[in-house]
Structure formats: C-alpha cells, structure tokens
Amino acid sequence: MRNTTSLKRPPGRRFSIPAVLGLGLLTAACASAGDPYAGAVARGTSGDELGEVQPNAQAAAALLRVATATRAAGDYASAINVLKRALRLAPSDSEIFAELGESLAAVRAYDEAREIFTRAVTIAPADTRILRGLANVLVAQSEPALAIVRYREALAVRKEAATYNGLGVALDILNNGVEAEAAYREGLALDARNQSLIGNLALSLSLRARHQDAIDLIAGELRANRSTPRLRQNLALIYGLAGRLSDARTILRIDMDERSVANNLGYYEMLAGLQAQSRRDTVLGRRAVVVPQNVVEALTAPAEKPAAEKDGSSADKPERLPATPLPNVSPAPEGATP
C-alpha cells in the first residue's frame, strides 16, 4: 500500500498572500514614535533637512529602524531607498550593509547586492550574515562554486543552520547530492524544525530518486501540523518526480485553483520526460554554472564539524507561492525563529 499523506482543506478557507505592500510607511511611523529622525523619514522629509552630508550615527540608526519595519511590511523599494540614505550617514555600519544587501537580493537586484556585500566583507570579514548574504547572491547568479567558499568562511566563524542550508543548495546545484545532504543534516542538527532545510533536503533526496525518504520527511511536518504553502508545494513536486500525479494533485488543490493545478501537473509530466541530469538542472533552476579553476580545490575541502550552537537566524520571509518551488536560501532577519 502506498504511503499517501492525507490533507484536508480547512472549511471555507483558501490560501492567499496578505496584502502588505503599501503598509511600510504606516508601520515605520508607528515604530518611530518619539524619534525625530525616524519620524522625519516616515513623513517624507528630504535628506538635506536631515543633514545627510555629515556622518550621523543617531540618524543612521533611526533610518535603519524605519527600513527594517518597512522591509518587514513587504515594501522593499522604500526600504532600499532609506537604507541607502542610512549608509551615507554611517558608511562603516555592517548591519546597514547587511539589510541593504538582503533587500536588494529580495528584489533580484543581484549585481548591486553583490557589490554591497563585497564592500561589506572588507569592513566586517567575520560577519557571518554578510558572508552568507554574499554567498546567497552568488548562488542566485549561478556561481555556486564561489558561493561555497563564502559559506565555508562563514561556518569557520560560527555554525549556523542558515549557512548550512545555503551550502547544501550550492552543492546540489553542482550535482554533489551526497555532500549537500550532509550539509542539510548538519543544519537540522542545529535547528530541527527549520522548514527551509527540511524542504531543501527533501527535494535533494528526491532528485537522487529517494522519493519515499523525501515524502516521509515532509509528511512528518504535515502530520505535526507544521504545514506551510511552500512545504506543501515541495511535497507536490516530489510526488510529481515520483510519478504519483494523483497525490500531487491532492496536495496542490489545497492552495491552488484548478488551472494552476493543471499547469503544475503538466510541468511534472514534462520533467518525467527528461534525462536525470536535465531534470535535476531544470528543477534547481540551474543556468550556466561558473566553476572558476581557482576554487575547484575548495569544493572538496572537508567541512568542519558543527558546534552545538543554536541558530536563530533562519526564518523565512513571507513567501510568494511559486509555480514550482526552488531551493530556498532567502535571507531573513537576524534573530528570528522559523
């Protein structure tokens, strides 16, 4: 008998993405009560009135608070503008660099994000958030080999689940599924409930034809009432890779209308007709992967064993629901929990 995960749609409810765009300045204004600099930004006061031409740590800190609240509300464009102003006031503040780099990456401005993170590394070479942010951008730019070097630099400073997650994705893209699995499991040893790690590990296993192991991994989260749209999408894709289209349809219907369900099922059928390597590259969104000669040796360097430290920096951002879930290395606010 097949092991099929049974889920029921909550009565009268359909999945929808909260409408958060446009709330950024409102949120910022609430967060900045009593703060003249943050209040000025929320009201749209010009940069000249804030005296941006001179370094001002107090004003930069206020702008950072506004940008963080605005970004949390989903208004990345406004957050980026505020963070750029903050950086002019505090050009050596690593936290502002990290927030700006992550915000640029979130809107896929990867070239600018890479430039910001590269500058930040020269200022804070042991900041794991910055090293991981640069590595995440390198993955997005199809340079996983360079990303692996940065992930390992970060892990040499501190073992964090989010870094192991990114390392696993980069290794998967380079078709090193065994080491990718090891990286994901190292991350889960630090943060057993990290759903980004769980989803990525499951997808990695399925791409190596270990479909039932992958299904069991996600099904355990669903049975424990820790289901999310992204996790369900990963499970549907894994069912599709396993040829279990009926089960995939059942999962997809929880979050999608019938037309979207049909589109996804068509995608799964298309994957079934590909050779294994082409299927893997398609699922991982792999383009022309750059493997510079000077980092080839770094790819085979053994990773250090993780210390028993709890990672608290790997929560996922509010997510759009993609047609087909890709490995998730999205940056998240430091100190959050999944």
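Residues numbered from 1 in each chain as written. Predicted model: local features only at pLDDT ≥ 70, side-chain atom pairs only at ≥ 80, totals over all residues. Heavy atoms only, no water.

Chemist: Account for the packing of helix 7 (residues 128-140) against helix 8 (residues 144-157), with residues named and values stated.
Modeler: Helix 8 packs onto helix 7 with a crossing angle of 165° between their chain directions and a minimal axis gap of 8 Å. Classified by the angle between their axes, helix 7 and helix 8 sit roughly antiparallel to one another. Crossing angle aside, the handedness with which helix 7 passes helix 8 is left-handed. Where helix 7 abuts helix 8, its residues T128, L131, R132, L134, A135, N136, L138 and V139 lie against P144, L146, A147, R150, Y151, E153, A154 and V157. For the contact of helix 7 with helix 8, a count of residues per class yields eleven nonpolar, two polar and three charged. (Axes fitted to C-alpha atoms, helices over the stretch in contact; angles between N-to-C directions. Helix = DSSP H or I, 4+ residues; strand = E, 2+ residues; numbered from the N terminus. Parallel < 35°, antiparallel > 145°, perpendicular 65-115°, else oblique. Left-handed = near helix turned anticlockwise from the far one by under 90°. Contact = heavy atoms within 4.5 Å. Nonpolar A, V, L, I, M, F, W, Y, C, P; charged D, E, K, R; others polar.)

Chemist: Outline the pattern of salt bridges, listing residues and values.
Modeler: Applying the stated criterion across every chain yields a total of 20 salt bridges. E181 is the salt-bridge partner of R208, the closest N and O atoms lying 2.7 Å from each other. With R208 in the loop between helix 11 (195-207) and helix 12 (211-223) and E181 in helix 10 (residues 177-190), this pair connects stretches of sequence that are 27 residues apart. Look at R208 and you get partly exposed, because its relative accessible area is 28%. The class of E181 is buried, set by a relative accessible area of 12%. A cluster of three or more residues bridged by salt bridges with shared partners is formed by E181, R185, R208, R210 and D213. (Salt bridge = Lys/Arg side-chain N within 4 Å of Asp/Glu carboxyl O. Buried < 20%, exposed > 50% of the residue type's maximum accessible area, 1.4 Å probe, protein only.)

Chemist: Would you mind going over the confidence of the model for the protein chain in detail, with residue names and values included?
Modeler: Looking at the protein chain as a whole, its pLDDT mean stands at 78, while 69% of the residues score no less than 70. Segment residues 1-38 is flagged for pLDDT under 50; beyond a separation of four residues in sequence, or across chains, it makes 60 contacts in the model. Every residue in residues 331-338 is under pLDDT 50, and counting partners more than four places away or in other chains gives 25 contacts. (pLDDT = per-residue confidence, 0-100.)

Chemist: Account for the packing of helix 13 (residues 229-241) against helix 14 (residues 245-252), naming residues and giving values.
Modeler: Their axes nearest at 7 Å, the elements helix 13 and helix 14 cross at an angle of 165°. Taken together, helix 13 and helix 14 sit at an angle that is classed as roughly antiparallel. Regarding helix 13 and helix 14, the two cross each other, and that crossing is left-handed. Across the interface between the two elements, R232, Q233, L235, A236, Y239 and G240 of helix 13 pack against L245, D247, A248, I251 and L252 of helix 14. Of the residues belonging to the contact of helix 13 with helix 14, the class tally is seven nonpolar, two polar and two charged.

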